[in-house]
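Geometric and topological summary
The chain contents come next:
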Amino acid sequence: DYVGRVTPGEDQNKESDYVSDFGEHSELACDADVLGNEARFLNDFRNTGRYPNVEFNFRRDKHGEFRQGVYVKEVKEAKEKGFDGIKKDE
């Protein structure tokens, strides 16, 4: 799960590198900059020239609580965008 501080979308920290918007119109934002877990480092493809290989989707846990999960994208979709994985020693 992607863990972070949840705020209304309009109140999100515009300078954070770890904000994930959610809601149909980005009504909420989950910012893992100060309060987060290691999931905030997933999908950080900036400056690599590669396409993102994961996506963020919602799910419900066993108690019915909303969670934002991180899922690996389909290999075919990633390859179509030019990403074919990270080679050994990269």
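Just so you know, these numbers come straight off a predicted model, no measurement behind them.

Put simply, the protein chain has an average pLDDT of 76, and 69% of its residues get 70 or more. Across the protein chain, the element-wise mean pLDDT spans from 61 in helix α1 (residues 75-80) up to 90 in strand β1 (residues 5-8).

Moving on, we get to the environment of Phe56. Positionally, Phe56 belongs in strand β4 (residues 54-60). The spatial distance from the C-alpha of Phe56 to the C-alpha of Ser20 is 8.3 Å, given a sequence separation of 36 residues.

What follows deals with the pattern of salt bridges. Under the definition given, this model contains one salt bridge. In this structure, Arg67 and Asp61 form a salt bridge, with 3.1 Å as the shortest nitrogen-oxygen distance. In this structure Arg67 comes out as partly exposed when scored by relative accessible area, which is 33%.

Let us now look at the environment of Asn37. Among the structural elements, Asn37 can be located in the loop between β3 (28-31) and β4. Sequence separation between Asn37 and Gly4 is 33 residues; the distance between their C-alpha atoms is 7.5 Å. Setting aside its immediate chain neighbours within four residues, Asn37 contacts Asp1, Tyr2 and Val3.

So, how was this worked out
Residues numbered from 1 in each chain as written. Predicted model: local features only at pLDDT ≥ 70, side-chain atom pairs only at ≥ 80, totals over all residues. Heavy atoms only, no water. pLDDT = per-residue confidence, 0-100. Helix = DSSP H or I, 4+ residues; strand = E, 2+ residues; numbered from the N terminus. Salt bridge = Lys/Arg side-chain N within 4 Å of Asp/Glu carboxyl O. Buried < 20%, exposed > 50% of the residue type's maximum accessible area, 1.4 Å probe, protein only. Contact = heavy atoms within 4.5 Å.

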